[in-house]
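Chain and residue survey
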Amino acid sequence: MYARFTSALAVACLIGGATHAADTKVTDPQIAHIAYTAGVIDIEAAKQALKVSKDKEVIGFANDMLRDHEVVNKQALDLVKKLKVTPEDNDTSRALTKAATQEREKLAKLSGADFDKAYVANEVAYHKQVNGALETLLIPSAKNAELKDLLETGLKLFQGHQQHAEHVAGMMK
C-alpha cells in the first residue's frame, strides 16, 4: 500500500510535470529525456530487486525489466544520436528521478516477502501511470515520426510489463 502511494506520487510528478511541459510546448528532446529517465528508473529498480529478492517470480520479473528497459533505452540513445538530437533535462525528468530515489530508499529498508510485495506493487503502479503518460501525452506530443514510433513500440512492451507485474502481484496475495 505504501509503495503504491509513493508510486502514485512519482507518477503525479511525471504527469503533472509533463502536463506543465505540454502547456509550454514539450519538445522532442524533452520527451526523449523523460522516456529515457523512466527506463533508467526501472532498470535501477530491477537491479535492486535482483540484489534483495529470493522469490523466483520476482527475480524473473526483475530480469525481464532489466533486459527490456536496457534494450529500449539503447534504441532511444541510438535514435537521438542518429537524429543528432541532445535529450534535454527538464523538471519532469528531475521529479521522476527524485521520487524514484526516495522509493528505492524505502524499499531498501524492507526484506523478504515485504520487499517483494512492495517492489511488485510499485512496478504495477509505475507501469500503469507511465503507460498512461505515453498514451495521452508523450506519444501525441512527439513531432518526429521515428521518436513517435519508438514510443509506440515501447508502450506495447510496457503494457506487457504491466500485465506481467499484475500477474506476479496476484500470485503473492
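Residues numbered from 1 in each chain as written. Predicted model: local features only at pLDDT ≥ 70, side-chain atom pairs only at ≥ 80, totals over all residues. Heavy atoms only, no water.

**With respect to the confidence of the model for the protein**
Summary statistics for the protein give a mean pLDDT of 88 and a share of 86% for residues scoring 70 or more. Averaged over each element, pLDDT in the protein is lowest for helix α1 (residues 2-23) (43) and highest for helix α2 (residues 28-52) (97). Overall, residues 1-22 carries pLDDT values under 50, and its contacts beyond four positions in sequence, including any with other chains, amount to 35 contacts. (pLDDT = per-residue confidence, 0-100. Helix = DSSP H or I, 4+ residues; strand = E, 2+ residues; numbered from the N terminus. Contact = heavy atoms within 4.5 Å.)

**Looking at the nonpolar core**
Of all hydrophobic cores here, the largest spans 22 residues; its most connected members are Ile31, Leu134, Leu138, Leu147 and Leu151. Contributions of two or more residues to this core are made by α2, α3 (56-83), α4 (91-108), α5 (112-141) and α6 (145-172). When residues of this core are assigned to their parent elements, the largest contribution, six residues, is made by α5. Setting aside residues up to four positions removed in sequence, Leu134 forms contacts with Ile139, Pro140, Leu151, Leu155 and Phe158. Membership of the second largest hydrophobic core comes to 19 residues, among which are Ile43, Ala49, Tyr119 and Val168. (Core = buried A, V, L, I, M, F, W, Y, C linked by side-chain atoms within 4.5 Å. Buried < 20%, exposed > 50% of the residue type's maximum accessible area, 1.4 Å probe, protein only.)

**Focus on the packing of aromatic side chains**
On inspection of all chains with the given rule, the structure shows two aromatic pairs. Taking 6.1 Å as the distance between ring centres and 65° as the angle between the ring planes, the aromatic pair formed by Phe61 and Tyr119 counts as edge-to-face. In this pair, Phe61 sits in helix α3 while Tyr119 sits in helix α5, placing the two residues 58 residues apart along the sequence. For the pair formed by Phe61 and Tyr119, the shared burial category is buried. Between the aromatic rings of Phe115 and Tyr119, the centroid separation amounts to 6.0 Å while the plane-to-plane angle is 5°, which identifies the pairing as stacked. Pair noted here: Phe115 and Tyr119 are both in helix α5, with a separation of four residues, about one helical turn. (Phe/Tyr/Trp six-rings, centres within 6.5 Å; stacked < 30°, edge-to-face > 60°.)

**Looking at unusual backbone geometry**
Located in the positive-phi region is Lys84, a residue other than glycine, with phi close to 55°. Position of Lys84 relative to the elements: it lies in the loop between α3 and α4. Classification of Lys84 as exposed rests on a relative accessible area of 76%.

**Quick notes on α3**
For α3, spanning 28 residues, the distance from its first C-alpha to its last is 41 Å, which sits close to the expected 40 Å at 1.5 Å a residue. Restricting attention to buried positions, one finds in α3 the residues Val58, Phe61, Ala62, Met65, Leu66, Asp68, His69, Val72, Asn73, Ala76, Leu79 and Val80. Measuring from the backbone nitrogen of Glu57 back to the side-chain oxygen at the start of α3 gives 2.9 Å, which picks out Asp55 as the cap. Directly beyond the C-terminal end of α3, a positive phi value near 55° is found at Lys84. (Expected span 1.5 Å × (residues − 1). Polar contact = N/O pair within 3.5 Å; in protein donor to acceptor, adjacent residues only side chain to side chain.)

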